[in-house]
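So the chains spell out like this:
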Amino acid sequence: MKKFTKVLSTVVAAALMAVTFTACGDSSSTTEGKNGTIKFGTNAEFTPFEYVVSKGVIGEFDGIDMAIAKQIGDDNNKDVKIENMEFDSLLVALENGKVDAVIAGMTVTDERKEKVDFSDSYYNAKQVMIVKEDSSISKASDMADKKIVVIQGYTGEVCVKDLGYSYQSFKKGTEAIMELVNGKCDVVVIDSVTAEKYVKDNKGLKIVEDNKQFENEEYAIAVKKGNKDLLDEINKSIKKMKEDGKINEFAAKYSDVTDSGSSSESK
Ligand code: ARG
């Protein structure tokens with residue numbers, strides 16, 4: 001029995017030490033004078049919202065969302081860190097506590113709302129179709145017998161699935177666009193602002209809209225269910241960025257598009 005107590009106390013001591021070390025580790029990784037760190041998860045395959053460059057606004061990460069994340073950090077006197085991962089893994093990482101928040105041009109959906117809490121929205125978008133310039137597709141139903149490509153886990157995939165059409169999915173938008181450019185598919189369904197960027201960067205493509213079929217989507221930041229403190233900090237900062245025009249400014253800077261599509265409160 002005595003031995004057991006001793007072993008137990010050693011284990012407790014070790015555990016305490018581990019806790020202390022973790023706490024030390026955390027604070028030492030924070031820049032002096034800061035109130036902590038917000039770890040944002042993203043999938044940096046979604047220009048102009050998040051992509052990798054040699055020197056971005058947060059480390060190697062750049063784009064509208066990254067500028068917004070940085071501003072949220074600044075507004076709350078916190079450091080920000082980016083964890084780049086597959087889009088499909090983001091909400092799981094949030095639930096597991098691997099990240100504190102997700103900023104990834106993520107559309108608020110009822111299905112996602114069951115798993116996580118969303119901030120106020122900071123951007124409006126919708127699904128569009130990218131086709132070759134000479135394509136006969138002019139509305140969503142024209143895709144019925146066409147080769148459709150979507151990105152895995154994006155709302156575009158959900159839209160095409162709901163239409164009941166068969167499709168192929170890729171992990172990255174760039175892969176999907178290459179299929180289209182190389183004539184291996186007829187249409188890519190993806191978010192409007194990202195589509196504009198692809199069409200600008202690749203000759204011979206155009207965007208087809210179908211506003212009857214594809215509804216408005218709102219981008220927001222996700223936090224773990226019940227993390228009200230962080231959600232409040234994020235919402236306060238978003239409100240400020242809408243009011244002082246920062247979001248429009250970031251949108252213009254990163255997309256060369258003057259109308260950011262952010263909601264009317266920003267005007
Ligand atoms: N808005 C779409 C969605 O929420 C696509 C987002 C893709 N974002 C990204 N960072 N890859 O499903």
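Residues numbered from 1 in each chain as written. Predicted model: local features only at pLDDT ≥ 70, side-chain atom pairs only at ≥ 80, totals over all residues. Heavy atoms only, no water.

A separate point is the overall build of the chain. Within the chain one finds nine helices and 14 strands. Out of the 267 residues in the chain, the part that is buried amounts to 46%. Taking as baseline every contact in the chain between residues at least 6 positions apart, the subset at least 24 positions apart corresponds to 70%. Put simply, the chain shows about 13900 Å² of open surface, and 51% of that area lies on carbon and sulfur atoms. (Helix = DSSP H or I, 4+ residues; strand = E, 2+ residues; numbered from the N terminus. Buried < 20%, exposed > 50% of the residue type's maximum accessible area, 1.4 Å probe, protein only. Contact = heavy atoms within 4.5 Å. Areas by Shrake-Rupley, 256 points an atom, 1.4 Å probe, with all protein chains shown as cover.)

Between the first and last C-alpha of helix α2 (residues 64-75) there are 16 Å, a value that for twelve residues agrees with the 16 Å anticipated at 1.5 Å per step. In terms of residue burial, α2 counts as a mostly covered element, since nine of its twelve residues are buried. What α2 keeps buried is the set Ile-64, Asp-65, Met-66, Ala-67, Ile-68, Ala-69, Gln-71, Ile-72 and Gly-73. For α2, the secondary structure elements touched by its buried residues are β1 (37-42), β3 (50-52), β4 (61-62), β5 (79-84), α8 (228-243) and α9 (246-255). (Expected span 1.5 Å × (residues − 1).)

A word on α8. Compared with the 22 Å implied by 1.5 Å per residue over 16 residues, the 22 Å span of α8 between its first and last C-alpha is a close match. Those residues of α8 not exposed but buried are Leu-230, Leu-231, Ile-234, Asn-235, Ser-237, Ile-238, Met-241 and Lys-242. Considered in projection along α8, the buried side chains sweep an arc of 170 degrees and stay on one side of the axis. Opposite the packed face of α8, turned more than 90 degrees from it, sit the exposed residues Lys-228, Asp-229, Lys-236, Lys-239 and Glu-243. Buried residues in α8 make contact with β1, α2, β6 (101-102), β7 (116-118), β14 (222-224) and α9. Once α8 finishes, Gly-245 follows within two positions and takes phi at roughly 80 degrees, a positive value. (Arc of directions from axis to C-beta.)

This brings us to the pattern of salt bridges. Oppositely charged side chains are able to pair whenever their charged atoms sit close together. Under the counting rule described, the total for this entry stands at 14 salt bridges. Of the charged contacts, one joins Asp-79 and Lys-34 as a salt bridge, the two residues approaching to 3.3 Å between their closest N and O atoms. Note that Asp-79 is positioned in strand β5 and Lys-34 in the loop between α1 (2-28) and β1, a separation of 45 residues in sequence. Lys-239 is the salt-bridge partner of Glu-243, the closest N and O atoms lying 3.0 Å from each other. Here Glu-243 and its partner Lys-239 are both found in helix α8, four residues apart, which amounts to about one turn of the helix. (Salt bridge = Lys/Arg side-chain N within 4 Å of Asp/Glu carboxyl O.)

This brings us to the nonpolar core. Residues Phe-40, Ile-68, Tyr-122, Ile-130, Val-188 and Ile-221 are the most contacted members of the largest nonpolar core, which totals 62 residues. The element best represented in this core is α2, accounting for six residues. For Ile-221, the residues in contact, after removing those within four places along its chain, are Phe-40, Ile-72, Ala-101, Val-102, Ile-103, Asp-117, Phe-118, Ser-119, Tyr-122, Ile-234 and Ile-238. In terms of nonpolar packing, the next biggest core, distinct from the first, is built from 14 residues, Ile-148, Val-187, Val-208 and Phe-214 among them. (Core = buried A, V, L, I, M, F, W, Y, C linked by side-chain atoms within 4.5 Å.)

Secondary-structure assignment places Phe-61 in strand β4. Those residues within four positions of Phe-61 in sequence are excluded, and the remaining contacts are Ala-44, Tyr-51, Val-52, Gly-56, Met-66, Ile-82 and Asn-84.

On to the confidence of the model for the chain. This prediction gives the chain a mean pLDDT of 89; 85% of its residues lie at or above 70. Note on residues 19-28: pLDDT is under 50 here. Beyond four places in sequence and across chains, it has zero contacts. Confidence over residues 257-267 falls short of pLDDT 50; this stretch has 20 contacts with residues more than four positions distant or in other chains. (pLDDT = per-residue confidence, 0-100.)

Overall, mixed pairing links the five strands, which are arranged β5-β1-β6-β14-β7 in an open sheet. One side of each edge strand has no neighbouring strand; the edge strands of this open sheet are β5 and β7. Where β1 meets β6, two bridges bridge the pair, whose relative direction is parallel. When the sheet's bridge partners are listed, Gly-41 is paired in β6 with Val-102. Those strands touched by α8 are β1, β6, β7 and β14, and its axis lies near 160 degrees from that of β14. (Pairing = 2+ DSSP bridges. Axes fitted to C-alpha atoms, helices over the stretch in contact; angles between N-to-C directions.)

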